[in-house]
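Descriptive analysis of the structure
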Amino acid sequence: MNTERPSLPGFVETLNSGNLLDAMKLGREALKQFQQHQFDQYESGAAVSGLIKERSTFIDQVLKKIWKHFIPETTNITLLAIGGYGRGELLPFSDIDILILIEDKELANQGISEFITFLWDLGFDLGHAVRTINECFEEGQKDISTATSLLESRWITGEYELFQEMQTIWNNLTFWPSKDFFKGKVKEQKGRHKRFNDTVYQLEPNVKESPGGLRDIQTIYWVAKRHFNASSINELIQHNFLSSEEFREIEAGYRFLNRVRFALHHMRNRKEDRLQFDNQQIIAERFGYQDTPEKMAVEQFMSSYYRNVHSVVKMNDILLQHFREELFKQDEPEIISINRQFHVVDEFLDIKHQDVFKNNPTALLEVFIILENYPDIRGLRSNAIRSISEDLYLIDEDFRKNPINKALFLEIFRQPKRVNAAVKRLHGYGILGAYLPAFQKITGLMQFNIFHAYTVDEHTIL
């Protein structure tokens, strides 16, 4: 096993000599060796979080060497990493997304074309754009995905001052102000979730795009970066948007999902983000899960997967709602009292004080009756969502035996409207599983046959 990281001297010397054909061959070999080096490290137990950073750094070095050969130092051009590459995160077969920033389109030289062609010849799965700062502004205004790529762009080489000038785009009050950017990313996320039927519990989920996938965490990061200029989600702790425990929960989900995605790339030897049945069984074995009389190894692995993505969905819900409250708060919020425990603040239901559920655990069910009967309420405030999560432990055997709670639980299902939304919320916030231990046992449970598209719990709810 070769765990030594490949070096580039031979490739660089041949490139500088002008022998592009031999340089291309040496470059391809160096990339191949680096890929194998990473897979060797992975199989030896190296942390995926470190490997995806290492790959980004290695690609930086490759691009700098090639850029130096094709682009004269006196040229006022700069090379930027965007997308996942911009965040410094590259999976083994991720796209290499770059932006070449130029001062004047008419001054663009032949070297740019040769640079891009050489990257293609090396075998890079390349996404690229060549733009002036004005073009970045114009294209970014038209498309929020383009704007997002500018938001997380990272300088690699070239004229640094040009990169700094491009970053001032975000100081323009007309270029995706925080409110508009937030609304755009939420709309984008809703559309993405809809493509996956708005459920975490698909039997063959997409690790990147499905609800609770990596994109949901990245959406939080993008909104935080736009609003606070945060360089990481961790900085939300400083802004009182996030507790240390919640950050650890998000971080654990992110690491788990990246670990699964890396394993998919490794085993398929290509870009692969979908956890198909055969992928699940192989990954379960590689992650060390073993069959038991109660549960197959693959079922244990997928239970871990669903637990992690459910946690991501919950934190995404809390944080995006928290941002909504921050961005759209009124000087004089509209507050409508419902009863002594709940009120509506700017169209979202909230608890009147932090001990509502501790003082009256029955209120954990009352929330859903209120949501069913007040159609103008758009959902729960982040404070209420957090409190439900923190106080789930109150649903114990005494709670279940309480005749008032029994009656209230059944009443949720007897309402004339919005039962579907209420039951999905009951499940999403963990109350359904806490109240019905039998239901908890089937939460995230999968059946390996072609007749089911969802886990047992999701199938039952549908």
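Refer to the structure printed above.
Here is a short report on the structure shown in this document.

Calculation rules
Residues numbered from 1 in each chain as written. Predicted model: local features only at pLDDT ≥ 70, side-chain atom pairs only at ≥ 80, totals over all residues. Heavy atoms only, no water. Axes fitted to C-alpha atoms, helices over the stretch in contact; angles between N-to-C directions. Helix = DSSP H or I, 4+ residues; strand = E, 2+ residues; numbered from the N terminus. Parallel < 35°, antiparallel > 145°, perpendicular 65-115°, else oblique. Left-handed = near helix turned anticlockwise from the far one by under 90°. Contact = heavy atoms within 4.5 Å. Nonpolar A, V, L, I, M, F, W, Y, C, P; charged D, E, K, R; others polar. Patch = residues over 30% accessible without salt bridge, like charges linked within 9 Å, V, L, I, M, F, W, Y side chains within 5 Å. Areas by Shrake-Rupley, 256 points an atom, 1.4 Å probe, with all protein chains shown as cover. Salt bridge = Lys/Arg side-chain N within 4 Å of Asp/Glu carboxyl O. Lys, Arg positive; Asp, Glu negative; His and termini not counted. Charge placed at Lys NZ, Arg CZ, Asp CG, Glu CD.

**Remarks on the packing of helix H11 (residues 244–268) against helix H13 (residues 297–327)**
- Closest axis-to-axis distance for the H11/H13 pair is 9 Å, and the angle between their directions is 135°. When the axis of H11 is compared with that of H13, the two are oblique. Classified by chirality, the crossing of H13 by H11 is left-handed. Counting all contacts with H11, which are made through Glu246, Glu249, Ile250, Ala252, Gly253, Phe256, Leu257 and Val260, the residues of H13 involved are Phe301, Ser304, Tyr305, Asn308, Val309, Ser311, Val312, Lys314, Met315, Ile318 and Leu319.
- Per-class residue counts for the contact of H11 with H13 are 12 nonpolar, 4 polar and 3 charged.

**Thoughts on the packing of helix H3 (residues 48–70) against helix H5 (residues 110–122)**
- Put simply, H3 and H5 touch, their axes get as near as 9 Å, and they point 140° apart. Crossing of H3 against H5: the hand is right-handed. For the pair H3 and H5, contact is made by Leu63, Ile66, Trp67 and Phe70 and by Gly111, Glu114, Phe115, Phe118, Leu119 and Leu122, respectively.
- A class-by-class count of the residues in the contact of H3 with H5 yields 8 nonpolar, 1 polar and 1 charged.

**Some words on a negative patch on the surface**
- On the surface, Glu103, Asp104, Glu106 and Glu165 cluster together into a negatively charged patch.
- Assignment of secondary structure puts Glu106 in the loop between strand E2 (96–102) and H5.

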